[in-house]
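# Summary of structural features
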Amino acid sequence: MKWFYRCPACGADYDIAPGRYLCTTCAKQQQQDRPLAGVLEVEWEGDADPRSLPLPIEPQWFAPIPVGQTPLWEPQRLRDQFNAPRLWLKDDTCNPSGSFKDRASWLVAAFARKHGIKEIVLASTGNAASSMAAVGAAADLRIKVFLPAKAPLAKRIQVLQYGAELIPVGGSYDQAFDLSLEYSTRTGSMSRNTAYNPLTIEGKKSVAFEIVDDLLRAGSGEPDHVFVPVGDGVILAGVYRGFENLLRLGRIKNIPTIWACQAEGASAIARALASPLDGNDAFGDPVPSSTLADSIAVDVPRNGLHALGKLKKYAGKAIAVSDDEILVAQKALASGSGLFAEPSSSTAFAGWLKVRQSLAADEVCVLLITGSGLKDVAAAARGLGLEA
Ligand SMILES: *Cc1c(COP(=O)(O)O)cnc(C)c1O
């Protein structure tokens, strides 16, 4: 098998090599305050073993820390309560750092080890940082994170406990993103910024393989709907990438309907999908984000153009929910199933609650629960009317 990067916009191919992030040609079209132009996808040529997960880095480079293979389980009480007999939860709170981000960090760290890279730099709303710090600790890598000073305490503490260097940024995540890129470009350190480093998308595709394998093992059919919480749109694109691979390998017949679930106060991708315009024009000027779901609070979705392209190609949908709906959903999920999710992940459940009556009862619905509720107890306390 030969692995390489391909630009989905212009079709140019590039080696998967240190220093390569965006498509050289398409990145020239980058506009101020707009999603990244020239985001690359991982591609292969040749025969892949249809039974295994195809990845561009050989297994010996992966750090010894158990990422992925998270439980897909049947929330019996929610199924009864909402008459949804084929509802499933994919519980990615079980990853080592408590979030889905570990899938991407694991692949990025494997790439760094293969190429003898010692330092990784990134910006984060909190979970990518705590995740890269955790995997970096297992992989013996130096991790430097640019994090909004207002990021939830638990996520900042995780970063420090895992031994990473934390650079607090006075402003928003969007400012942290730009500062971290400036730093990595100037110093030549490897960047794990989401979407900018194509391996962040590729690493996340493993979830689609696990969902399809586990449903098959449980005697269920393919997923019909997958509900994904969306900020920058990298998880969304990774999920699509996984299903595209599975289709190519002949392991599924259809790409499921993907529902991009956003907070109303940070819903650039939902607005772009509803817009009659396309590309950058569909995004327009950024709207400052305002939501308690910190992991999906982005002004400019970095993977917006790429994610929008996938949603349009596969007739995906988008839903925006209010912070109140998110907090109600958080409590309903925790008390109805036993799974305590952070607000961003509760957005997927809130989205499902909003549209579930339009779905047929025999359709297989999977909710991607991306982060643990323990990562932001202050937000959860607000949902209970408590001070934290
Ligand atoms: C990062 C994150 C998201 C959103 O992922 P994007 O790729 O930014 O869309 C959702 N949930 C959790 C817990 C996250 O950490």
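Relevant structure appears above.
Notes on the structure in this doc start here. This structure is a prediction, so every number in the text was calculated from the model and none was measured.

Here the focus is the packing of helix α13 (residues 323-337) against helix α14 (residues 343-355). In contact at an axis separation of 8 Å, α13 and α14 are set at 90° when each is read in the N-to-C sense. The angle between α13 and α14 falls in the class roughly perpendicular. Between α13 and α14, the residues in contact are Glu325, Ile326, Ala329, Gln330, Ala332 and Leu333 and Pro343, Ser346, Thr347, Phe349, Ala350, Leu353 and Lys354, respectively. For the contact of α13 with α14, a count of residues per class yields 8 nonpolar, 3 polar and 2 charged.

Moving on, we come to the pairing of strand β13 (residues 365-369). With respect to burial, β13 is a largely interior element, 5 of its 5 residues being buried. Along β13, one buried face is formed by Cys365, Leu367 and Ile369 and the opposite face, lined by Val366 and Leu368, is buried too. Relative to β13, strand β10 (residues 225-229) runs parallel, the two sharing 3 bridges. Residue pairing for β13: Val226 is matched across the bridge by Val366.

This part is about the pattern of salt bridges. In total, this model carries 25 salt bridges according to the counting rule given. Among the salt bridges present, the one from Arg248 reaches Glu43, with a minimum N-O distance of 3.0 Å. One end of the pair, Arg248, is in helix α9 (residues 234-248); the other, Glu43, is in strand β3 (residues 41-45), and 205 residues separate them in sequence. The salt bridge partner of Asp174 is Arg302, with a shortest N-O separation of 3.4 Å. Placement of the pair is Asp174 in helix α6 (residues 173-187) and Arg302 in the loop between α11 (279-283) and α12 (304-313), with a sequence separation of 128 residues. In this pair, the class of Asp174 matches that of Arg302, namely buried. What you see here is one network of salt bridges that share partners, running through Glu41, Glu43, Arg241, Glu244, Arg248 and Lys310.

The rules we used
Residues numbered from 1 in each chain as written. Predicted model: local features only at pLDDT ≥ 70, side-chain atom pairs only at ≥ 80, totals over all residues. Heavy atoms only, no water. Axes fitted to C-alpha atoms, helices over the stretch in contact; angles between N-to-C directions. Helix = DSSP H or I, 4+ residues; strand = E, 2+ residues; numbered from the N terminus. Parallel < 35°, antiparallel > 145°, perpendicular 65-115°, else oblique. Contact = heavy atoms within 4.5 Å. Nonpolar A, V, L, I, M, F, W, Y, C, P; charged D, E, K, R; others polar. Buried < 20%, exposed > 50% of the residue type's maximum accessible area, 1.4 Å probe, protein only. Pairing = 2+ DSSP bridges. Salt bridge = Lys/Arg side-chain N within 4 Å of Asp/Glu carboxyl O.

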